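If you want the building blocks of each chain, they are given just below.
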Amino acid sequence: MAPKPLHGVLPIVHTPFDDDESIDYRALEREIDWAFETGADGFGTGMVSEVLRLTFDERVDLGQRLVEFARGRGAVFLSVGAESIRQAVECARHAERAGCDAVMAAPPVTSPLSEPGMLEYFRAIAEAVDVPVVVQDASGYVGQGIPLDVHLALFERYDAGKILFKPEAPPLGPNLSALRDATGGAARIFEGSGGIFLADSFRRGIAGTMPGMDLLDGIVALWGALQAGDALRADRLHFPIGALVALQMQAGLDGFLAIEKFLLVKRGVFLSARRRTPYRWELDPETATEVERLFEVLQRELRAG
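Notes on the structure in this doc start here. (Residues numbered from 1 in each chain as written. Predicted model: local features only at pLDDT ≥ 70, side-chain atom pairs only at ≥ 80, totals over all residues. Heavy atoms only, no water.)

Turning to the overall build of the protein, a few remarks are in order. The number of helices and strands found in the protein is 11 helices and 8 strands. Once the C-alpha set of the protein is aligned to its principal axes, its extents read approximately 50 × 45 × 40 Å. Looking at the protein alone, contacts between residues at least 24 apart form 74% of all its contacts between residues at least 6 apart. Of the side-chain charges in the protein, 31 are positive and 44 negative, and the distance between the mean point of each set is 2 Å. (Helix = DSSP H or I, 4+ residues; strand = E, 2+ residues; numbered from the N terminus. Contact = heavy atoms within 4.5 Å. Lys, Arg positive; Asp, Glu negative; His and termini not counted. Charge placed at Lys NZ, Arg CZ, Asp CG, Glu CD.)

Approximately 410 Å³ is the volume attributed to the largest pocket. Lining the largest pocket are 26 residues; nearest its centre among them are Y141, E168, G192, S193 and F256. Of all the secondary-structure elements, those providing two or more residues to the lining of the largest pocket are β6 (163-167) and α10 (252-267). By residue number, the principal contributor to the lining of the largest pocket is α10, which donates 3 residues. Looking at the lining of the largest pocket residue by residue, the class counts come to 15 nonpolar, 8 polar and 3 charged. (1 Å grid on protein atoms, 1.4 Å probe; cavity = no way out; pocket = protein on both sides within 12 Å on 5 of 7 lines; lining within 4 Å. Points joined across faces, edges and corners; volume = space filled by probe spheres on them. Nonpolar A, V, L, I, M, F, W, Y, C, P; charged D, E, K, R; others polar.)

What follows deals with the environment of A2. Its location among the elements puts A2 in the segment before β1 (8-9). A sequence separation of 132 residues divides A2 from V134, and the C-alpha atoms of the two residues are 17 Å apart.

This is how it looks when you write it as structure tokens:
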């Protein structure tokens, strides 16, 4: 069976944990069902899935469970970036065997790579599997940036069906446009700003968005408004989404995780906002109050249609 193409709204899965920090698979299945009921075109794992805090066996098992829970309702991709080429290749092969439609990889976090080293890393992953590879620059909140020349070298070696891109380094909009223009508009580019830059990114020609799960109903509605050319509706949705994501961004990856899981508990999707330890930032009561206020603003806008 041919892989399902990646397009549209593809939220990144949050990994729910029990009291002993083991993965809560019942909550995970509930999350996937909720995502498709809400309008997701597929889903994947990424940094907010806490993949860097999972064991290798957990990453493999998580991928298998996610394909199972998807039940063919949309595309599934897995984050396979690792601290060595061997680890990343093994993760990618396991993902393909599990039935994933694509894999996504960010560069190693602990070992900054030269441009030749980065090319070697991504080529090894691309040549280890038959499915597409999403090249992720997550340096807006973790890890090393990927130079434009590396993106172009990968694109020229393979093609638009094999190599996809998720640039997240600031300034996001100009970086998206630079990659688009350098590939003559042929590159398939996805944004991962959580929604704060989605409207701007859409106007620059992205193929889809990869937000967290927490604001998925708002993102689906915003994506639909942008596709329909309804600028007024898009602006009304963008305000609460952008304000919520701004609160998350102030504490980096820990901020995204704490607030996104807080909102999933509020929605009844998760029973616990537990994160894998260690982490540096806790959601304080005043920030939580503002998150709840802005969340209600978003819900009112969604109800208003």
